[in-house]
Structure formats: structure tokens, C-alpha cells
Amino acid sequence: MLRREFVKTLGATGVALYASDLVGDLIAQSPKARVMESRFKGLSDLALSEARRLGCTYADIRFTRNVNDSVAVRDRIVTDSFGFGAGGMETSAGFGVRVIHSGVWGFASSPFVTEGDIKKITAQATEVAKASAVSKRFEVKLAPVEAYQDYWSVPVQQKPEDVSLDDKIAFLMKINEAALKVPGVIRVQSNMAFDYEWKYLATSEGSYLEQEIWRTSPGFTVTALKNGKAKSRTFSVAPKSAGYEVVLNAKMLENVERIANEAVEHCTAPPAGVGLKDLIMTPAHAMLTIHEIVAHPTELDRVVGYEANYAGTSFVKTSDVGKLMMGSKLFNVTCDRTLEGGMCTVGYDDDGVKSQRWPIIREGRLVDLQTNRETAHYIGQTASKGCTFATSWRNYPFLRMPNVHVEPGPPGSPTPEEIIADTRDGILIDGRGSYSIDQQRFNGQFGGDAFWEVKNGKKTRMLSDVTYNAITTDFWQNLDATSGKESWEMFGTTGDAKGQPVQINHPSHGSPWVRIRRIMVGAAFS
Amino acid sequence: MAYSRDEIKQITDKVLNMCKADAVEVRFSGGERSATRFANSSITANLIEHDQEVQITVRYGQKAASATTHQFDDDSLKRTIDAVQALARRKPDNPELMPLVKPPQTYLEFDAALPSAVNFGPAERARMVKASTDICEKKGVLGAGYIPKFDWVDGSANSEGLFTYFHYADASFILTCRTPDQTGSGWAGTTGVKDIKNIDAEMLTNVAADKAIKSRKPRAIEPGNYTVILEPRPAARYLSLMTNSLNARNAEEGRSFMSGKQRGETRLGEKVFGDNFTLRSEIGNPILRQSPIGQDGLAARSITWVEKGVVKNLFYDRFWANRQKKDPTGTTPNMSLVMEGGTTSVEEMIKSTKRGLLVSFFWYIRPVDQMTLLNTGMTRDGLFLIENGEIVGPVQNFRWNESPAVSFNNISALGPQVPMHTGEAYDNPGTALVPAMKLEDFTMTSISPAV
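It should be emphasised that the depicted structure is a prediction, and the values quoted were computed from it without experimental measurement.

Draft legend 1. Highlighting the environment of Thr106 of chain B. One can find Thr106 of chain B in the loop between α2 (74-89) and α3 (115-118). Along the chain, Thr106 of chain B and Gly184 of chain B lie 78 residues apart, while their C-alpha atoms are 51 Å from each other.

This is the structure:
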């Protein structure tokens, strides 16, 4: 059916069906921040009333429009974003309808935004739910939520589209030029990527929500070759929900020469060897460990088995809340969808739940988990923490982690320099490297991007071949130093994969500098 | 419903006619992706996603840019073309941009979209789940699984007159069974099947459930070097770790395991692996449904990468081939991958093992050192100790740190090849023909009590 309609419209100009980027046109025609006057209100009500007519007990419709824009320069050549030998831009728009019928979810999505398609996709989602009921063993239970009509957007100082392509390329080219001047450098890649997301969610429970999100993630990587060894070094820039100001504030140019020299030095750096060492982790490295062995095992859908076939379950049990010691007394972890700049900072989740900030670990003890409307009841809670998201209009929403931060130490905590000065035999680790964790997030092996020996309170030479092994609870129990809020920084990832079909999430993870005592290093290379 | 050849030709012709650039390339991708997911023996997501997109690339000399639209009416296409043409004019020259591929290209014809897969709907998938979870209930385990289905078209055209079209449809059934006491887990699956009749959900459920039951309450044993028997799924994941190293540019630039001693040299022609390791891309293989269309529209051709341990070919992309005065390979090293197998069944491998491990699944494999292909990963969903030719019981999972560059010199037995997905997830093409493998001296570095 879809195919035939598609053929009929080919060559037809001005046909209302499949008007050009209809979502974009409708956005342009809808007053921002007045969700009840938006043209999407009428289209949403059509889906919601159709779902009601078909016997659904819950329905929502989510329109989204994503614009992904990226530029990359490698060895003075503007390279591709999408495999075309060019820079590129992608716009994607459409809608997804989610219903509950017979106590079971159904979901369908389409890029064709017309009244007819909205009815058709709503009916298809309902049919999917009805078909699924044949294998139902429990019914979906949703925690209640208040109905909101609201508009929310990320604060942006400079929209990326307002900066010319010439300026973006010139900036990235300067990084290339500076890096390639350093002897031993054989390759440099610099890039900046921008993601704009607009979405409108309407639910059968009375919420109408419009949101605009900008995300910016720049960076560069230098590869050096010396003595037959090739090593890369990446300058860690925190991706943020913000505009072009992230690029301007990242101090990339100021750091090119240092990063290039470190790449060269890494090629001849001696192996760290195998043994117990104290680890000092910068926030740019700690984000990875926080992501993998704090944030993931505290996702309630994993805890109760929803990811058992792919991303895995968790060593945490629902009965552990309030009891399990996850780390030392210095270990305080907070989930936060409200902090400005966080990649997961939003006004509302895709269930229409208002964003929140809540503790999950206090003085080492697990006190709460990440929940959404569907899972809150598993730990006896009557309200969702707002963790439901879908990557795009195509995808069904499910539980995704928020920004998960390790809190800085209290006033009087040591500075990074003081932590180094207080370490007799340790390794300082910066940036992201190899990482692998078991399916319950208990046995992790992590690498980094650069490593330095710390001997008798001094940062001495670079090292190579560093990985460390972490058994999650033991690892955080060995946390014995956290720096204060002055050195707390937020980093993050743009590629957190979970779900089937796999979807991508973009969480931020803030951290102070931390020290972990006596951890096994180098076993991977033994 | 997927799009026909004529429909794709219409849209690509239209874009080519509307563009005013020196050269144009259009790529179409679209169709239906559906999936059913279940956990704790009940469906948690059942969905249908429709999508279509056209990527338009225009060139002015050595300047190029691309943009994507999901709408194909005249206004949308014109808007996208205007934007991408303006973008391309402002781009600096790209000296690595190759001329468009010219016709004729002779693509192998084969039917990769059988009706049984094309018509595989949510009700049929739900019935499959019901049949599976009923068995789980009888056996006292919890089933968590995934049934993805694709009905998809990839097409392309360029202003030199090239046109490509490839329609494929397939489905998979993968399942993890867990015991309610959370001490046992087992995996089974059939992936990338063109004919749904080849998915036997009940058989797979019995395999996964029995494995979960047998793997309950594993005991810890010491890390160390073990003889391992990799069932086809972990074997496929392990095999995939070396395909990227077959890139000629990386090798010649000194950045790869295949690099030679001096910069510019490679290990082409060297015996790098054992006699029993042979790897090739078999375009048109009757079981694999991967595309016959190679890089930029070149006709993919069958190619032997490694023969009896000797590196026979590296992948030359069009730019690097031109620069090095070679023919472009066309076929990328992950296309229609076939590893030569043997005749030893897993049961026979167990019988011939004095002390070793039977591995059901590898998880979270990540590179540790690109120059040596050192990787790390975990075992999962059923790890069993073998002593004196028999499975003596389940053991706790291990983290391993090992390189296929070492292991593929240590193959002591190979099973018959079976189709198996090589990727971590199951949402992209990537099914290869892979045998179960028995590998000697495989390095297990630490224990994980996680189940």
C-alpha cells in the first residue's frame, strides 16, 4: 500500500501528501512554545482518538525532526560524514505511535506525516499490540504522571547553523596544520558534529509537550608512528547540550601541540608491567568507568531482566536498594536530567515525565535506581524518575540512563596536584580507551588514552600497555580520594548502545579527580 | 512493502535530471524493519518501522557534498538538491575523491527476498514467542529473545549511467534462557535466514533452556591458558576481529597488524596463520544474502583473503588502489565471508579434549592493541569445563585477552560451517559461514561470577 502511494506521488508537485519535509513545514507554521495552538495538536488528537476508538487503554504519538550536521578534516582533507567523500547533512523527520491494547505494547512509525498515515500507523500499532497479546504473561503497568502542556529548550548561545561552513573548516584545518608540524605525526583527524532535535509528544493522559535540543561534540585525534609502533592520542572535549560555544570554549587549538607530542611519546613509552598500583583518574577517563559500572547496573529494566538477551542484566537486585554497599564512604552518585549542558538534560522524557535530579548512591550505599513509568513498580515506587527515551521518531521508547555524576568531595578535599603528591606508586590515566564489561557489569577491564607513571608524589614519564581490572564493588570500595568541586568536570559519550533494535543514547558523566587504591594493572598484556 | 527496481529507477532518474552539478550520485535505502522482543517470557516490544531515504551527492570538480532527505516529492528533492549544490561549491577540493564508477558493472543476480521472510508479520512472530515461552515454562526457565525482520532495498545511480538495486529480506531468532535462581543462562539462535522455514524456535528454545539448566551454580576455576571449543556464535564474533586488518592502506601506512617491517611494506604473501585457516568472500553464496554490489557500485567478486594461512589479498579501496597503481578490490573484507570448516562435530571436539572449555557465547569484545590484534572479551550464557573427553560441569565466566593472530595459528579442529551473525547486535547485515573451532592455548585472564 505504502509503495503504491509512493509511486503515485512521484512527479506530483504541490500534492498535500508527502509535502516537502512536512514536519519541518508544520514546525514553521506552529507558534513555538504554544503547544495547544501547534498544528501538531490536531494531528496528535487524531491519533489519540483513533487509538481510543480501537480500544487502546493508553496511546501516545511523538513527532520528531533531527538534523545532523558534521564536518571532519583528516590530513588537511575535508572528509566524509556519510561515506560520500564530502561533508554532509542529514535531516530526518517522522512520527511514532505507541499504544497499549490488551495489556501489551504496540508500536509503529513512519516518515509520512499525513492524516491518513497517522490513522494507518495508529491502527498498525494497535494490531501489533493485539497480536502480541497471544504470548502475554504479564500486563504493562504504568506509574501515574501529571498531565503537562509545556515547551522546553536547551539554552544556546550560538546556533551551529549560524556559523559558516568556511569558518568551521578553517578551524579544523588549523588543528590539522598544527599537528602535522610535529615530527612523528602521520595522521590527524579533527571534527565537529552537531545534532538538533525537535520533538512534540502528546499522550492520551493529556500531556502536550514540545522540546528543542542542540548537542555539540567536537574533538581531534593525532596518530604518530615511531620505532615501528603507531599510537593515537585524542583530545577529550566534553560533548554538551549546547551550541557552537562548545567548540569555541574547548581550547582545542591551544592543546594540539601537547597532544601531538604525547602521541609521539606514547610510541616509545615503556610498558607499565603487571601489578597492583594506585590509579589516579581524570574526569575525562572516569566518565567511562562511571558509565559502565555505575550507570548501567543501576538501570532498573536491566535489573529485572528486560536486557537479558542483549545488553545484559545487572549484579544489582531490587532488594539491594537501601542495603548494598557499592563503594567507600567517599562515593556519592547522582542522576540528573536538569544540569545545564548535560547531554541527557531535557524538560520531559518520552513518557511525559518531568525531569528530575535524584541520588542513587550515598556514602557508598545504593539508595535508588533509574526508573521509568513501566518499571517503577518493581521497586515499590509510585512515580517514574523519567528515564524513557527513543533515539528518533522511528524507534520505540524504553529506559535509558540519565546524566550520572560522581559528586565532588566536600570543601577541603585535595586538589588533583595534592592527590598526585600523596601517591607513592601509581598511574595517572586520562581519556577513553579500550573497555569491556561482563553482562552483569561486575568484571570490567578498562584502558585509557594516555598514561603516566606517578612515583613518590611526582608525575614522571608516559607509560604504555595499561589496562586495569575492576570488580565493580571492590573497585569503588578502594576509592580513597576525590578532589573538590573546583576540578569537577563533565564528560560523556555520544554512543551508548542498548535495546533491540539497538538505539543510541548520549549521557554525560561528571566527576572529580579520583584515586583508587591498589588495582591490578596490565594483566591484559601479560 | 519493499520498493521495486522500477520504482527506485524512477526516483533516482528524477534526482539525476534535477541536479545541475558536474557529477551526481544518488543512493536509496528503505523498507520495513520490524522486530519482536521478549523478556521474562512475555513480549516487551513488538514494532514495525517504515522508512526510506535518499542521499544525494553532487560534485563540482574535486568538490563534493551530500545531503539526505526522507521525502521524495518535487519540492523536497529540489530543496535538498539546492542545499547540497550550494554546499558543494563552498567545499575545498578533496584530492582523494575518485571519479564515479562507470557502467557496465556485471552484478551477480540472486534472489535475496523470499516471500516467507517478506511476509513475516507481528502475529507470526508472536506465535513463535508463545511456542518458545511455553517450552520455557515447562522447563522452568525464563526466556528473553529477539526476532528481527528486514524487508529492505538498497539502490543507487550516478550520472555516469550506473544503476544498482538489491532487495533482501531476512529474519533471526535469538534467545537467552535464564534459570529463576539467576545462576544459569543459555543461548541459542539462528541468524540472517532468508527462508523463515529454517527457523526452528522450539528446537532453539530447547537448546537454550537445557544449556541454562546445565549451567546452574557454576564453580570457579583458575584463570590460565585453556583449550577452548568455540561454538559457531563466539567463533563468528572472534573471526570478525581480524577482517579490518585486511585493509591495504592501513597496512602500508604502518598502522595495522598487516603492516610490514618497513613503512610501505605489508605482510601480503606471508604465512601469518596456520595451515587450516582459509578465509574468503564468496559473492553469490547460496546461503548468505549479502549484496553483490561492492564499493561505490563496483561489482563485487569472490576473493580469497587468506589461503592455508598465507595472506593472499588485501583490500584496496578505489583511491588507494589508484595511488598504488593496483586494481580496486571492490569486495570489502566483511562481504559474504566464508571461513573454511572441517568435519569435526562439537561433540567430537569435546571427546578429543583432555582439559578445556566449551564456550557458548562471547560478549563485549573490544580491541586492546590494534598492532597485535589483542582483544578482550567475556564468556557468557554457558561455559563448561571439559575433562578427559567429557563435560564435567559449568564453570564461572572468564574474561579473556587474546589475539586471533595467535589463535588462528592454534586451530586444532574445525566443524562444518553454519551461517552466523558476526556483529555484536543483529540489526545490520553481517552473517557469515563460520565453523565451530577448537583453539589451543587461549588466554583466560580473570574470573567473573556474573551469570
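Draft legend 2. Just the pattern of salt bridges, in detail. Taken as a whole and assessed by the stated rule, the structure comprises 70 salt bridges over all chains. Ionic pairing is found between Asp25 of chain A and Arg79 of chain B, a salt bridge with its closest N-O pair at 3.6 Å. Placement of Asp25 of chain A in helix α2 (residues 22-29) and of Arg79 of chain B in helix α2 is noted, with the two residues assigned to different chains. Under the relative-accessibility criterion, Asp25 of chain A is labelled partly exposed at 21%. Ionic pairing is found between Arg33 of chain B and Glu49 of chain B, a salt bridge with its closest N-O pair at 2.9 Å.

Draft legend 3. Spatial organisation of the interface of chain B and chain A. If you look at the interface, chain B gives 100 residues, while chain A gives 97 residues. Here chain B packs against chain A, burying approximately 8300 Å² in sum over the two surfaces, 52% of which is carbon and sulfur. Ranking the residues of chain B by area buried against chain A places Arg37, His50 and Tyr364 of chain B at the top, with a combined share of 9%. Seen at the junction of chain B and chain A, the total is seven salt bridges. The partner of Glu307 of chain A in a salt bridge is Arg37 of chain B, and the shortest N-O contact between them spans 2.9 Å. Inspection of the region where chain B meets chain A yields 35 residue pairs in polar contact (both at pLDDT 80 or more). Tallying contributions element by element places strand β2 (residues 42-60) of chain B first for the side of chain B that touches chain A, with 14 residues. Looking at the side of chain B that touches chain A residue by residue, the classes come out as 39 nonpolar, 30 polar and 31 charged.

Draft legend 4. Geometry of helix α5 (residues 165-180) of chain A. Spanning 16 residues, α5 of chain A covers 22 Å between terminal C-alpha atoms, matching the ideal 22 Å at 1.5 Å per step. Within the span of α5 of chain A, buried status applies to Leu165, Lys168, Ile169, Phe171, Leu172, Met173, Ile175, Asn176 and Ala179 of chain A.

Draft legend 5. The confidence of the model for chain A, seen in detail. Residues with a pLDDT of 70 or more make up 94% of chain A, whose mean pLDDT is 93. Across residues 1-20 of chain A, where pLDDT falls below 50, the model places 47 contacts with residues more than four positions away in sequence or in other chains.

Draft legend 6. The packing of aromatic side chains, seen in detail. The full count for this structure, using the stated rule, is 39 aromatic pairs over all chains. When the centroid spacing of 5.9 Å and the interplanar angle of 40° are considered together, the rings of Phe63 of chain A and Phe95 of chain A count as tilted. Residue Phe63 of chain A is found in strand β1 (residues 58-74), and its partner Phe95 of chain A is found in strand β3 (residues 87-101); the two are separated by 32 residues along the sequence. Looking at Phe63 of chain A, the relative accessible area reads 0%, which means it is buried. Given a relative accessible area of 0%, Phe95 of chain A falls into the buried group. Geometry around Trp452 of chain A places Lys459 of chain A over its ring, the cationic atom sitting 4.4 Å from the centre. Here Arg267 of chain B stacks its cationic end above the ring of Phe257 of chain B, 4.8 Å away from the centre of that ring.

Draft legend 7. Main features of the packing of helix α4 (residues 122-139) of chain B against helix α5 (residues 201-214) of chain B. All names here are of chain B. Where α4 meets α5, the axes come as close as 9 Å, and the angle between the chain directions of the two elements is 30°. When the axis of α4 is compared with that of α5, the two are roughly parallel. By crossing handedness, the relation of α4 to α5 is classed as right-handed. Mapping the contact onto sequence places Met128, Ala131, Ser132, Ile135, Cys136 and Lys139 in α4 and Ala201, Glu202, Thr205, Asn206, Ala209, Asp210 and Ile213 in α5. Broken down by class, the residue content of the contact of α4 with α5 amounts to seven nonpolar, three polar and three charged.

Draft legend 8. Structural detail: the sheet that holds strand β10 (residues 333-336) of chain A. Residue and element names in this part refer to chain A. Read from one edge of the open sheet, four strands run β12-β11-β10-β15, paired in antiparallel fashion. Edge positions in the sheet fall to β12 (365-366) and β15 (403-406), since each has one partner strand and no second. Here β10 runs beside β15; their pairing, made up of four bridges, is antiparallel. Across the sheet, Cys335 pairs through a bridge with Val404, a residue of β15.

Thresholds, definitions, all that
- For every chain, the first residue of its written sequence is number 1, and the numbers climb from 1 along that sequence.
- All chains are assigned letters beginning with A, and all ligands numbers beginning with 1, in the order in which they are written.
- In keeping with the model being predicted, local features are shown solely for residues with a pLDDT of at least 70 and side-chain atom pairs are shown and tallied solely at 80 or more, while totals for entire chains, interfaces and linings include all residues.
- Hydrogen atoms and water are omitted, and side-chain values are computed over all heavy atoms in the structure.
- Here a helix means four or more residues in a row that DSSP labels H or I, a strand means two or more in a row labelled E, and each is numbered from the N terminus.
- Each reported salt bridge corresponds to a side-chain nitrogen of Lys or Arg within 4 Å of a carboxyl oxygen of Asp or Glu.
- Summary of the burial criterion: residues with accessible area below 20% of their type's maximum are buried, those above 50% are exposed, and those between are partly exposed, where the area comes from a 1.4 Å probe applied to protein chains only.
- The contact criterion used throughout is that any non-hydrogen atoms of two residues lie within 4.5 Å.
- Accessible surface is computed with a 1.4 Å probe, and the buried area is the amount of it that two parts give up when combined, taken over both parts together.
- Here a polar contact is recorded for every N or O atom pair within 3.5 Å, except that within protein the pair must consist of a potential hydrogen donor and a potential acceptor, and residues adjacent in sequence are included only if both atoms are side-chain atoms.
- Under this grouping Gly is polar, as are all residues other than the nonpolar Ala, Val, Leu, Ile, Met, Phe, Trp, Tyr, Cys and Pro and the charged Asp, Glu, Lys and Arg.
- To estimate how far a helix should reach, multiply one less than its number of residues by 1.5 Å.
- Scored from 0 to 100, pLDDT records how confident the predictor is in each individual residue.
- For Phe, Tyr and Trp, rings pair up if their centres lie within 6.5 Å, where Trp contributes its six-membered ring, and each pair is then called stacked (planes under 30 degrees apart), edge-to-face (over 60) or tilted (otherwise).
- Comment: the charge-over-ring label is applied if NZ (Lys) or CZ (Arg) is within 6 Å of the ring centre and within 35 degrees of the ring normal.
- Fitted lines through C-alpha atoms serve as axes, helices being fitted only where they are in contact, and the angles separating the N-to-C directions of these axes extend from 0 to 180 degrees.
- Orientation is classified from the angle alone, with under 35 degrees giving roughly parallel, over 145 giving roughly antiparallel, 65 to 115 giving roughly perpendicular, and any other angle giving oblique.
- Each helix crossing is assigned a hand: it is left-handed if the near helix lies turned anticlockwise from the far helix by less than a right angle, otherwise right-handed if that turn is clockwise.
- Any two strands are treated as partners once DSSP identifies two or more bridges connecting them.

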